[in-house]
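# Remarks on the overall topology
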Amino acid sequence: MDIREDNAHAVAAATDIFAALHDPAVRAEPYPLLSSLRERSPYTMTDSGTVLVGRYDDAEAILRDGGLTPFQGLDAVDHQRLRRLVSKAFTPRAIAVLAPRISEIIDVALTEAERRGSIDIAEDLAYPLPVTIISEWLGVPAADSALLRDWSSLLTRTFDFDVAAKERGRIERASAEFDGYFRELIDYRRRHPGEDLLSRLVRAEEDGEALTSQELLSTVGTLLVAGHETTTNLISNGVLALLRNPDQLALLHADPRLSSAVVEETLRYDPPVQLVWRTAREATTVGGVPVGAGEWVLVLVGAANRDPARYADADAFRLDRRKPDHLGFSLGPHYCIGASLARLEGSLVFDAVARRLVGAELDEDSLRYRRHVTFRGPERLVVSMR
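Residues numbered from 1 in each chain as written. Predicted model: local features only at pLDDT ≥ 70, side-chain atom pairs only at ≥ 80, totals over all residues. Heavy atoms only, no water.

### What to know about the overall build of the protein
Within the protein, the secondary structure is distributed over 17 helices and 14 strands. In the protein, buried positions account for 55% of the 386 residues. Long-range pairs, those at least 24 residues apart, make up 74% of the contacts in the protein with a sequence separation of at least 6. With an accessible surface of roughly 16600 Å², the protein has 52% of that area assigned to carbon and sulfur atoms. (Helix = DSSP H or I, 4+ residues; strand = E, 2+ residues; numbered from the N terminus. Buried < 20%, exposed > 50% of the residue type's maximum accessible area, 1.4 Å probe, protein only. Contact = heavy atoms within 4.5 Å. Areas by Shrake-Rupley, 256 points an atom, 1.4 Å probe, with all protein chains shown as cover.)

Encoded structure:
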């Protein structure tokens, strides 16, 4: 898996914002800071030339614009080809087949929690569920799933731009181990295909084209790191929001069909991905602010998703929103290809929560957030069960 190279301008632009977001008090509640940044945006950050964006309309336009690409973005033709090939493995039927196994994992975790009388939502459910599903779906042996978890934890840190030299060495080793492991597994699946996702990705072909080994590695890395982290945080953030808003939890308990609404409102209210970077292929403007070719734009997804110009009662967690639009899975050509799997896992968890966490109590003192700022979610979230 590629380790993204630090960009001097991007790092300079991010330094002050990241320093503030790493403050424990801000990490626990970043939205007042994000609100103030949104009200000032769009604006060009001093010295870096990077444009910061926090308003919904500007953010939406940027994310839909194929001329603004993510870090190490492929050119438009290669990206479209890669996405078209990968999407063949993400059909609704392929995703739906996973539902019974997802429900089984959730049931086991909650049954064990009922026996103990408590559950750490982050550690016991939100983290192991997605990594187990993606490991099994990729055809990774069960004994090796712990490796994927360790690699994911380290590789995710590359998105935060504050990696110390000592930690970077560990990340580079993890990246090399990841590449070596999956190169062997890909070669094996070329010779011995099965029905797992990796085999389907190896077989994916259109107009005589197939994914190269490097493209397969990048795809698997994206599924593991971005997809897994997103779902983990979606689950934890959603359960936390429900427990802090008992009136909304009561609505869900009365009508478990609202579990899908919990997914969408969590993606808006407390999105798992808080920051998105784009770079301009050519000179353009964002909200009237000029962006030169090759310059960076930093989209504050967490701020845009609470823009009062877009949403009524924007800072409230509500399951009755008629139009659950948000930027939680991005938009346009870079829309999250694994969104349907994340939605399925989230909705099944929230349905189970409605049925089995009745009378549960949140231990606020236990709440501790992970050190990431690009991704947002609790590291520890203990709930008592009665």
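### Thoughts on the layout of surface pockets
Of the volumes computed, that of the second largest pocket is approximately 340 Å³. Lining the second largest pocket we find 18 residues, and of these Y127, S153, R370, H372 and E379 sit closest to its centre. When the residues that make up the lining of the second largest pocket are grouped by side-chain class, the tally is four nonpolar, three polar and eleven charged. (1 Å grid on protein atoms, 1.4 Å probe; cavity = no way out; pocket = protein on both sides within 12 Å on 5 of 7 lines; lining within 4 Å. Points joined across faces, edges and corners; volume = space filled by probe spheres on them. Nonpolar A, V, L, I, M, F, W, Y, C, P; charged D, E, K, R; others polar.)

### Notes on the confidence of the model for the protein
For the protein, per-residue confidence averages 85 on the pLDDT scale, and residues scoring 70 or more make up 88% of the total. Averaged pLDDT values over the elements of the protein bottom out at 57 in helix α1 (residues 8–21) and peak at 97 in helix α15 (residues 259–269). Note that residues 1–14 has pLDDT below 50 and, in this model, 40 contacts with residues that lie over four places away or in other chains. (pLDDT = per-residue confidence, 0-100.)

### Digging into empty space enclosed by the protein
The probe, sized like a water molecule, is rolled over the atoms to show the empty space still left. All chains considered together, the criterion is met by two cavities of 30 Å³ or more. What the largest cavity holds in volume is close to 100 Å³. Considering the residues around the largest cavity, the lining is formed by 13 residues, among which L21, P30, Q274, V373 and R376 are closest to the centre. Class assignment of the residues belonging to the lining of the largest cavity gives a composition of eight nonpolar, three polar and two charged. Looking at the second largest cavity, its volume works out to about 30 Å³. What lines the second largest cavity is simply Y31, S35, R38, G302, A303, R306 and D315. Listed by contribution, the elements that provide at least two residues to the lining of the second largest cavity are α3 (31–40) and α16 (301–304).

### Overview of the nonpolar core
In terms of nonpolar packing, the biggest core is built from 103 residues, with W137, L138, F182 and L197 touching the most fellow members. With 13 residues, the top contributor of residues to this core is helix α13 (residues 213–244). Residues within four places of L138 in sequence aside, it is in contact with F182, D196, L197, L198, V220 and L223. Residues I17, Y31, Y43 and W277 belong to the second largest nonpolar core, which totals 15 residues. (Core = buried A, V, L, I, M, F, W, Y, C linked by side-chain atoms within 4.5 Å.)

### Let's talk about the side chain of E60
Residue position: E60 is located in helix α4 (residues 56–64). With residues up to four places along the chain from it excluded, the contact list for E60 reads R310, L327 and L331.

### Points about the pairing of strand β7 (residues 275–280)
Burial within β7 is extensive, with six of its six residues counted as buried. The side-chain alternation of β7 yields two buried faces, one formed by L275, W277 and T279 and the other by V276, R278 and A280.

### Description of the packing of aromatic side chains
Any two aromatic rings considered together are summarised by their centre-to-centre distance and by the angle between their planes. A full pass over the atoms with the stated rule returns eight aromatic pairs. For the ring pair Y269 and F317, a centre distance of 5.3 Å and an interplane angle of 65 degrees mean the geometry is edge-to-face. With Y269 in helix α15 and F317 in the loop between α16 and α17 (339–356), this pair connects stretches of sequence that are 48 residues apart. Residues Y269 and F317 agree in their burial class; the two are buried. When the centroid spacing of 6.2 Å and the interplanar angle of 90 degrees are considered together, the rings of W277 and W296 count as edge-to-face. With W277 in strand β7 and W296 in strand β10 (residues 296–300), this pair connects stretches of sequence that are 19 residues apart. For W277, a relative accessible area of 6% corresponds to the buried category. By relative accessible area, which is 8% here, W296 ends up buried. Following the ring pairs from residue to residue traces out a cluster consisting of W151, F178, Y181 and F182. A cation over an aromatic ring shows up here: R268 above the ring of Y311, its NZ or CZ 5.0 Å from the ring centre. (Phe/Tyr/Trp six-rings, centres within 6.5 Å; stacked < 30°, edge-to-face > 60°. Lys NZ or Arg CZ within 6 Å of the ring centre and 35° of its normal.)

### Section: the pairing of β10
For β10, a buried count of five out of five residues is recorded, marking the element as mostly surrounded by other parts of the structure. Of the two faces of β10, the one holding W296, L298 and L300 and the one holding V297 and V299 are both buried throughout. Relative to β10, strand β2 (residues 51–53) is paired through three bridges, and the arrangement is parallel. Note that in β10 the partner of V51 across the bridge is V297. Of the strand pairs in this sheet, β7 and β10 are connected by five bridges, and their pairing is antiparallel. Within β10, the position partnered with L275 by the bridge is L300. (Pairing = 2+ DSSP bridges.)

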